[in-house]
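Listed below are the residues making up each chain.
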Amino acid sequence: MPPMPPTPPDYSWLSETVAQCLKVPVGTLDAKASLTRYGMDSLAAVEIATAIGAALECDMPDTLLIDCPSIAALERYLDRMQDSGQSGAGEALSLRDQMLADCVLPAAIDPRAAAPAPAVQAILLTGATGFLGAHVLTALLQETEAVVFCLTRPSSAGDGRARIRKALAGYDIGDAAFDSRLRIVDGDLQEPALGLSAQAFDDLGREIDAIYHCAAAVNWTFSYAGLRDTNVLATRELLRLACTHKRKAFHFVSSAGVCFSTAGPREIGEEDDMLPFLDGIHLGYAQSKCVAETLVRRASERGLPAAIYRPTLLTGAAQSGISNTGDMLSLLIKSCIEMRCAPDLDWLLDCCPVDHAATAIVKLSRVSDDSLRVFHLANPVARHWRESVLWMNLYGYPIRLVSYRSWLAKLALDAESPAHPLHLLRSFFLARRAGADDLTLPQLYEEGKKSRFRCEQTNLLLAALSVHCPSLNAALLERYFMRFISQRFLPGAAGADAPAAVAVALDGEFFTTILRRFHRDESIQVAEVCVRNTVSEHSIISELTSWKYGHMTGLRHCSVATAGGNSVLPARLELMVKMKPKDDEAMAVGESVAALCGDDLGFAFSRFKERAGLALCHQRELAIYEQQDERFVRHAPVLFGSVSDDSQRAWILVLEKLEGMLLMDSADDISGWHRAPIDAAVRGIAEVHAIWYRREPELMAETWLGPVFSAAAMSEMKTLWVALANHSERYFAAAAGCSLRALQQRLIVDLDAWWPALENLPRTLIHNDFNPRNIALRETVAGLRLCAYDWELATLGVPQHDLAEFLCFVLTPDVESSEVLHFLELHRLGLQDASGQAIDAQSWLLGFRLSLYDLIINRFPMYAMIHRLRKQGFLQRVVRTWRTLYELFPYRSD
């Protein structure tokens, strides 16, 4: 008589135990669902593990519910434990060995045995009810004519079609017209053969021509073992389907997280396989995606057409603003608002709006190529986490930046409550990783600790496909938060509304008036105007002031078409319209920036904000551009006209759009700044300086000038200079050594000794922000000519101040003294010639030396304040060059 098959164990007690611990009816538990769905947190996980151990009279590992987050996974663990006869034998293989074993693609999955697929007429999509999957479904229906089969798990929440419709409606996407092209496949990713019968699996393999695998268990706390079934084994089954009957193009959505390995290289490109660096990947989700990627690579090596997409964190849809309120970033934002503090982490957010990511995936998938293609999807305009915290403060949520240690201590206490947004994600933030210098995962994702995620090849291809990622700017953040509030995910912001600006229409009538005045020709008529917003990437105060105080500030690129018959005008004129915020608005944003840099700096800046350079900035720049002196006009953009109307809060400049200029926006890359262009800039600014040189009483009488620095004012503001020096120490020490802080302190203490000499030297109107961020060079028949713009910080000062700042930016730290002296003398002689006044060489050198001292306690620490929130790539190089120049002109207390 043959032996009887073993009786399967009865695990009904397990469901009852879990239900008791979670205080839910046992009948409501889905064995395959994550127990977090039923409210399991870390405390409940410990309670369940303890209860199971007590029932079996043995100890359970602390990570049991992380590795086995569902009842089905617990049953499999207990089966393995019973087979081995000991507790913990579920880890028969080490984690590393298990992952490497899972990377082996079974020999039976062989696309070479399948026929080539015809043109794609039927697509299988997984994850259609998920955040990304729903948007990919919409993109597939819009961009292709294919029928889309959606794999959905049977559920008591309704049939698959109804759940997909509900998901699409919830995300404000979808079109009933496409419903006829939807097919529902009832299956289960966690089961062999996708939960389909052998016949249904075979039939599906015949019918579909391509697979888009978007489904995944996205969990920031589960281990690899807890995610293996859904993220790895399901991918293997889908690859099996891709090789059944036809070789189907396989499109796998992975994650940028696979690229962040502590064992990886400094930069990761699209061509890089991350499996060799698996040991340095510490997030279970990223581990599972890395292993799944390897399976796709192996299938591709056997001849399967395949593509891998690695998106960064996904944010809400750019069009609707609807976000996934259950994702980590949304919950972190909610928790920071509730806790009124945010962790001070060096995170760069290169998140993609979900609708962009979906469109990019579908468009890229249609680029024909038989080889494996890997695409990196990231926002090309990244925003720093601290800048996002600043934005939330400006929006009306009071949030302080605190050290990560302090924030973790508060989180550990507050998040014990199940109502806390990060209650289920505590271990992601709190757990320290073995083999990673005992850091937490959020610390491993800081800049300087993670690999650089390179996207150049993908971005070039997307540009060719006319797919452009929306910038994560203030306007998009506002759209997200408005949705958060309307969904009652966030409370309404407490900030007061910005003062309403009266709209000035940039229409044909506006430009007709401007151009008629400029050309003194009443026959000019503008027929059409195309207006495009232009975001300033290097001025955080300009951008956020523009956003916070209404849409009537900022830069607008206006393409103006004129009616025929105007001989003085081209058919189309490209103009830049600069719409200025009022000074108090800019100062309020500056105050918020300073406050996030520390209480001392916030208090000091608030006290002296009227003297920090922004007072009357809205009037001053207009007045400066309206100068008629040829020495200014030659070296500035062409001004077509301006509007100054206090009643409408409108201060507007209409300027030429600067095109074809040399070295524009070149502060981060000074390789083009050699002797000839530097000479041209120095000669040009010398001419501009000559206009007001030694006319101090006349300039001081101008109502638009605003407060100017004096020895008395500088002395009174010492608390601000000390706070700025303290804040900038961390950045300046890395560039120029720890001794720089002591030097700053000495210069501040001795202000009363050296600043009066600076005040007593001949002064003029200086740009006060004279560097490659705000200047360019025109190519003319006579040679290169300076074009200086953005004059809002202009003030009364010694002309050497502009020269000193400029040389710190454009010279390298190894510059020779002879080179520096050449530019000093060129500036002196140029100003002497343009002004017709003799300038003593020794007093000129004194002014340059004192200007260097002033820069390191005033201007450059202000850059460091901005750098904390938005990286200023030039800062460390500029400070190193300053140190070199200082060594030529060191401070002497005598």
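Keep in mind that this is a model prediction, so the values were computed, not measured.

**Things to note about the nonpolar core**
Piece 1. W407, F429 and F481 are the most contacted members of the largest nonpolar core, which totals 219 residues.
Piece 2. Take this core: its biggest share by element is 10 residues, from helix 25 (residues 675–692).
Piece 3. Contacts of F429, omitting those with residues within four sequence positions, involve M328, L332, W347, Y404, W407, L408, L411, L422, T440 and P442.
Piece 4. Residues V136, C150, A360 and C469 belong to the second largest nonpolar core, which totals 43 residues.

**Notes on the environment of R302**
Piece 1. Mapped onto the elements, R302 comes out in the loop between helix 10 (284–301) and strand 9 (306–311).
Piece 2. Residues R302 and P111, 191 residues apart in the sequence, show an inter-C-alpha distance of 6.4 Å.
Piece 3. In terms of polar contacts, R302 uses its side chain to reach the backbone carbonyl oxygen of L105, at 2.9 Å.

**Quick word on helix 28 (residues 718–736)**
Helical geometry: 3.6 residues make up each α-helical turn, so side chains three or four residues apart lie on a common side.
Piece 1. Over its 19 residues, helix 28 runs only 23 Å from end to end, short of the ideal 27 Å by more than 12%, given 1.5 Å per residue.
Piece 2. Within helix 28, the axis deviates most sharply at E729, by approximately 55°.
Piece 3. G737 sits one or two positions beyond helix 28 and adopts a positive phi of about 95°.

**Concerning the sheet that holds strand 7 (residues 249–253)**
Hydrogen bonding along the main chain pairs the strands of a sheet, whether they run parallel or antiparallel.
Piece 1. As summarised here, the arrangement of the seven strands in space is 4-3-2-5-7-9-14, forming an open sheet in which the pairing is parallel. At either end of the open sheet lies a strand with only one pairing partner, and these are strand 4 (182–186) and strand 14 (373–377). Taken pair by pair, the neighbouring strands of this sheet meet at an average axis angle of 20°, ignoring direction.
Piece 2. In terms of strand pairing, strand 9 meets strand 14 through five bridges, oriented parallel. Counterpart to A307 in the pairing with strand 14 is R373.

**Describing the state of the cysteines**
Piece 1. All chains considered together, the criterion is met by zero disulfides.
Piece 2. Looking at C259, it has no disulfide partner, and the nearest cysteine sulfur is the one in C455, 8.8 Å off.

**What to know about the environment of L622**
Piece 1. As for its position among the elements, L622 is in helix 23 (residues 617–625).
Piece 2. When the C-alpha positions of L622 and K578 are compared, they lie 10.0 Å apart, and in sequence the two are 44 residues distant.
Piece 3. Those residues within four positions of L622 in sequence are excluded, and the remaining contacts are K580, S642, V643, S644, W651, I652 and L653.

**Looking at the packing of aromatic side chains**
Piece 1. Under the definition given, this model contains 33 aromatic pairs.
Piece 2. Grouped by ring-pair contacts, the aromatic residues W391, Y395, Y397, F481, F484 and F489 constitute a single cluster.
Piece 3. One residue, R695, lies across the ring of W692, its end atom 4.3 Å from the ring centre.

**As for unusual backbone geometry**
Note: most peptide bonds trans; most residues except glycine with negative phi.
Piece 1. One non-glycine residue with positive phi stands out, namely S466, at about 60°.
Piece 2. When its relative accessible area of 57% is taken as the criterion, S466 is described as exposed.
Piece 3. In the Ramachandran plot, R694 falls in the positive-phi region, its phi being about 60° despite a non-glycine side chain.
Piece 4. Position of R694 among the secondary structure elements: in the loop between helix 25 and helix 26 (696–700).

**Things to note about the packing of helix 28 against helix 34 (residues 859–869)**
Piece 1. Running from N to C, helix 28 and helix 34 point in directions that differ by 70°, and their axes come no closer than 9 Å. Here helix 28 is positioned roughly perpendicular relative to helix 34, judged by the angle of their axes. Like other packed secondary-structure pairs, helix 28 and helix 34 cross with a definite hand, here left-handed. Contacts between helix 28 and helix 34 involve L724, H727, S728, R730, Y731 and F732 from the first element and F860, P861, M862, A864, M865, H867 and R868 from the second.
Piece 2. Residue composition of the contact of helix 28 with helix 34, by class: eight nonpolar, three polar and two charged.

**Points about the confidence of the model for the protein chain**
Piece 1. Per-residue confidence for the protein chain averages 91 on the pLDDT scale, and 94% of its residues sit at or above 70.
Piece 2. Across residues 1–5, where pLDDT falls below 50, the model places zero contacts with residues more than four positions away in sequence or in other chains.
Piece 3. Counted against residues more than four places away or in other chains, residues 86–92, with its pLDDT under 50, gives 12 contacts.

**Some thoughts on the packing of helix 30 (residues 751–760) against helix 33 (residues 841–857)**
Between two packed helices, what matters for the description is the angle formed by their axes and the separation of those axes.
Piece 1. Between helix 30 and helix 33, the shortest axis-to-axis distance is 10 Å and the interhelical angle comes to 125°. With respect to their mutual orientation, helix 30 and helix 33 come out oblique. The interaxial crossing formed by helix 30 with helix 33 has left-handed handedness. On the side of helix 30, the interface is formed by L751, W754, W755, A757 and L758, while helix 33 contributes G847, L850, S851, Y853, D854 and I857.
Piece 2. Tallied by class, residues from the contact of helix 30 with helix 33 come to eight nonpolar, two polar and one charged.

**Quick word on the side chain of D110**
Piece 1. Looking at the secondary structure, you find D110 in the loop between helix 5 (95–102) and strand 1 (115–116).
Piece 2. Not counting residues within four places of it along the chain, the set of residues in contact with D110 comprises C243 and R302.

**Describing the environment of V560**
Piece 1. Along the chain, V560 falls in strand 19 (residues 554–562).
Piece 2. For V560, a relative accessible area of 0% gives the class buried.
Piece 3. When the C-alpha atoms of V560 and D750 are compared, they prove to be 55 Å apart, with 190 residues separating the residues in sequence.
Piece 4. In this structure V560 touches F511, L515, V526, E528, V529, A571, R572, L573 and L575, once residues within four positions along its chain are discounted.

**Focus on the pattern of salt bridges**
Piece 1. Tallying each qualifying case throughout the model produces 54 salt bridges.
Piece 2. Residues E456 and R452 are paired through a salt bridge, measuring 3.9 Å at the closest nitrogen-oxygen approach.
Piece 3. Classification of E456 by relative accessible area gives partly exposed; the value is 34%.
Piece 4. For the salt bridge of E659 with K657, the shortest nitrogen-to-oxygen distance reads 3.7 Å.
Piece 5. Members of the salt-bridge network, linked through shared partners, are K578, K580, E621, D790 and E792.

About the criteria used
Residues numbered from 1 in each chain as written. Predicted model: local features only at pLDDT ≥ 70, side-chain atom pairs only at ≥ 80, totals over all residues. Heavy atoms only, no water. Core = buried A, V, L, I, M, F, W, Y, C linked by side-chain atoms within 4.5 Å. Buried < 20%, exposed > 50% of the residue type's maximum accessible area, 1.4 Å probe, protein only. Helix = DSSP H or I, 4+ residues; strand = E, 2+ residues; numbered from the N terminus. Contact = heavy atoms within 4.5 Å. Polar contact = N/O pair within 3.5 Å; in protein donor to acceptor, adjacent residues only side chain to side chain. Expected span 1.5 Å × (residues − 1). Bend = angle between axes of the 7 residues up to and from the residue. Pairing = 2+ DSSP bridges. Axes fitted to C-alpha atoms, helices over the stretch in contact; angles between N-to-C directions. Disulfide = S-S within 2.5 Å. Phe/Tyr/Trp six-rings, centres within 6.5 Å; stacked < 30°, edge-to-face > 60°. Lys NZ or Arg CZ within 6 Å of the ring centre and 35° of its normal. Parallel < 35°, antiparallel > 145°, perpendicular 65-115°, else oblique. Left-handed = near helix turned anticlockwise from the far one by under 90°. Nonpolar A, V, L, I, M, F, W, Y, C, P; charged D, E, K, R; others polar. pLDDT = per-residue confidence, 0-100. Salt bridge = Lys/Arg side-chain N within 4 Å of Asp/Glu carboxyl O.

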